[in-house]
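This is what each chain is made of:
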Amino acid sequence: MQQKIIILDFGSQTTQLIGRRVRELDTFCEILPYNKFPKDDPSVIGVILSGSPYSVHDPEAFKVDLSQFVGRLPVLGICYGAQFISHTLGGKVEKADSREYGRAHLETINLDTPLFKGFEKGSQVWMSHGDTITAIPDGFECIASTADVKFAAYASTQQPVWAVQFHPEVFHTVQGTQLLRNFVVDICGSRQDWSAASFVDTTVKELKEQIGDDRVILGLSGGVDSSVAAVLLNRAIGKNLTCIFVDHGMLRKNEFTQVMDDYKVLGLNVIGVDASQKFFGDLAGVTDPEQKRKIIGRDFVEVFNAEAKKITDAKWLAQGTIYPDRIESLNITGKVIKSHHNVGGLPKEMNLQLCEPLKWLFKDEVRRVGRQLGMPEHLITRHPFPGPGLAVRILGDITPEKVRVLQDADDIYIRALREWGLYDQIWQAGAILLSTVRSVGVMGDERTYEHPVALRAVTSTDAMTADWAHLPYDFMAKVSNEIINKVRGVNRVCYDISSKPPATIEWE
């Protein structure tokens, strides 16, 4: 039986980072809504309560029945989780005199507690809360303090319950990974048997049992997620998999042909469909980003469905949905951040069951699985690319000419990243056409009034957070000159230096 840690999500921006850190400990975990704890699941070995944007005193604050797991399983509360445990069990949580945010140091630590095994006195942690714990419940003891936070960490003297008011999952908590290792491995007893190899073996077996001799259709996008899903399914069901690759006209330059060639090398059965005329027609005059995504999603389903109907015995639709897709599409507060093309269910008329073999994986885990499957490295290291393609990298309405301009600019940029040996150091890069903006320029002796292009490059490990890549000035100067000189319709190049959060990786 596969062990797992349950992370109950109370709406924190860093909940997914907790999941990533647990996975890095070769331990499977599931991030579930705060009120969806799985009862009577023998595979659960521990529970982590996340942070939250709420105060425990807010009427809208998320609450959970602690009796479901406290006393039965090891529990770790983080930030709001720590405050909720204290508040619920008889402690006191009050508004802090000033917001406790940023770096702090553990001035006193109980190094005998298993949670702090291997810690150093003065270890740096990251605080982010407006309330603070002023009293802990009976039967608990303080195990760490900072200069400003008396109960930086506390623990039960009778049950396996620990709580910290700082965030061990973030980079700025220097020994945060050690703390999570102490909890997950030493306290919860993880066997650390979650790996790419075990995932492939388990998933292939599950797919064979789930699908049997049924025929499956997979919508390919050309990206690493759908490609890995296809190879994984091909290993499980072979000839019973048919892949459909729809060209909506907004792929990278020459991408349709290149990707089709790659899929032949992988031995996949792929049907290529050029539907660009339909997509351009339906997108004409549309400028709203969400509407663009929905139109492209709708059209993709229509084109895909028309092709899928030709495979009369198909019973399953497979998608390369991964964990961040599902997380970003709808967070715990019910607010949509942005619609993902492969998240949202299936139209009833398709009459197909949904198969998502990668739905629990983060992007770097997908790549490890791809390597385990023996896929070519250039496919595995390929940067993520949005399902709606360049439509969400063109601000304003979409036309074939604007796509041509952006394809040419993007091609120059990506080729240069490869030539300079920078491509594999970057999580994702691309060009954005600011077609709603015109800027004045001079070419030769003539005044120009054309569009700017913004270049975007970020570093990340899981797409949940990202920092802008510090590219060399000489590189940016060369790319800028080449784009302006060679791409008709562009007279200015900018570089996006926004991190996520607060920005997203894509502009739309």
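Refer to the structure above for everything that follows.
As the structure is a prediction and not an experimental result, all values here were calculated from the model.

Looking at the sheet that holds strand E13 (residues 270–274)
With respect to topology, 5 strands assemble into an open sheet ordered E13-E12-E11-E14-E15, the strand pairing being parallel. Two strands close off the open sheet at either side, each with one partner strand: E13 and strand E15 (353–355). Looking at each pair of strands side by side, their axes are set apart by 30 degrees on average, direction ignored. Relative to E15, strand E14 (residues 314–318) runs parallel, the two sharing 3 bridges. Bridge pairing links leucine 317 to leucine 354 in E15. Across the sheet, helix H5 (residues 224–237) touches strand E11 (215–220), strand E12 (241–247), E14 and E15, and the angle it forms with E11 is around 165 degrees.

A look at the pairing of strand E10 (residues 161–164)
Both faces of E10 are covered, namely the face carrying Val161 and Ala163 and the face carrying Trp162 and Val164. Here strand E4 (residues 75–78) pairs with E10 via 4 bridges, running parallel. Counterpart to leucine 76 in the pairing with E10 is tryptophan 162. Summarising the sheet, strand E9 (residues 153–156) and E10 pair through 3 bridges and their orientation is antiparallel.

Digging into the packing of helix H12 (residues 400–419) against helix H13 (residues 473–486)
Between H12 and H13, the shortest axis-to-axis distance is 10 Å and the interhelical angle comes to 150 degrees. The angle between H12 and H13 places the two elements in the roughly antiparallel class. Once H12 is placed against H13, the crossing between them reads as right-handed. On H13, the residues that touch Ala409, Ile412, Tyr413, Arg415, Ala416 and Leu417 of H12 are Phe475, Val479, Glu482, Ile483 and Lys486. Classifying every residue of the contact of H12 with H13 by side-chain character gives 8 nonpolar, no polar and 3 charged.

Structural notes on unusual backbone geometry
The omega angle of the peptide bond from lysine 500 to proline 501 is -15 degrees, so this bond is cis rather than trans. Within the secondary structure, proline 501 is located in the segment after strand E20 (490–495). Between proline 501 and the following residue, proline 502, the backbone shows a cis peptide bond with an omega angle of 10 degrees. In this structure, cysteine 79 takes a positive phi of about 55 degrees despite not being glycine. Relative to the assigned elements, cysteine 79 resides in the loop between E4 and helix H2 (80–88). One non-glycine residue, asparagine 254, lies in positive phi territory at about 60 degrees. Here asparagine 254 is to be found in the loop between E12 and helix H6 (255–265). Overall, asparagine 254 belongs to the exposed group, its relative accessible area being 53%.

Side note on the pattern of salt bridges
Once their charged atoms are close, side chains differing in charge can pair, the charge on each being opposite to the other. The tally for this structure, following the rule as stated, stands at 36 salt bridges. With its nearest N and O atoms 3.6 Å apart, the salt bridge here joins aspartate 364 to arginine 368. Placement of both aspartate 364 and arginine 368 in helix H10 (residues 363–372) is noted, with a separation of 4 residues, approximately one turn of the helix. Among the ionic pairs, lysine 486 bridges to glutamate 482, the shortest N-O distance being 3.1 Å. Of this pair, lysine 486 and glutamate 482 both sit in helix H13, 4 residues apart, roughly one helical turn. Given a relative accessible area of 15%, glutamate 482 falls into the buried group.

Some points on the sheet that holds strand E6 (residues 108–109)
Across the sheet, 8 strands lie side by side as E2-E1-E3-E4-E10-E9-E8-E6; this open sheet has mixed pairing. What marks the edges here is a single partner per strand, and that holds for strand E2 (29–33) and E6. Strand direction decides the pairing type here: E6 and strand E8 (residues 140–145), joined by 2 bridges, are antiparallel. The partner of threonine 108 across the bridge, within E8, is serine 145. Strands in contact with H2 are strand E3 (44–49), E4, E9 and E10; relative to E4, the strand with the most contacts, it is inclined by about 110 degrees. Sheet strands in contact with helix H3 (residues 176–187) are strand E1 (4–9), E3, E4 and E10, and its direction is about 160 degrees off that of E4.

Structural notes on the nonpolar core
With 52 residues, the main nonpolar core has Met250, Tyr413, Leu417, Leu455, Leu471, Phe475 and Ile483 as its most contacted residues. Top contributing element to this core by residue count: H12, with 9 residues. In this structure tyrosine 413 touches Ala429, Gly430, Ala431, Leu455, Arg456, Ala457, Leu471, Phe475, Val479 and Tyr495, once residues within four positions along its chain are discounted. If you look at the next biggest cluster of nonpolar residues, it comprises 42 residues, including Phe28, Trp194, Phe199 and Leu358.

The rules behind these values
- Residues numbered from 1 in each chain as written.
- Predicted model: local features only at pLDDT ≥ 70, side-chain atom pairs only at ≥ 80, totals over all residues.
- Heavy atoms only, no water.
- Pairing = 2+ DSSP bridges.
- Helix = DSSP H or I, 4+ residues; strand = E, 2+ residues; numbered from the N terminus.
- Axes fitted to C-alpha atoms, helices over the stretch in contact; angles between N-to-C directions.
- Contact = heavy atoms within 4.5 Å.
- Buried < 20%, exposed > 50% of the residue type's maximum accessible area, 1.4 Å probe, protein only.
- Parallel < 35°, antiparallel > 145°, perpendicular 65-115°, else oblique.
- Left-handed = near helix turned anticlockwise from the far one by under 90°.
- Nonpolar A, V, L, I, M, F, W, Y, C, P; charged D, E, K, R; others polar.
- Salt bridge = Lys/Arg side-chain N within 4 Å of Asp/Glu carboxyl O.
- Core = buried A, V, L, I, M, F, W, Y, C linked by side-chain atoms within 4.5 Å.

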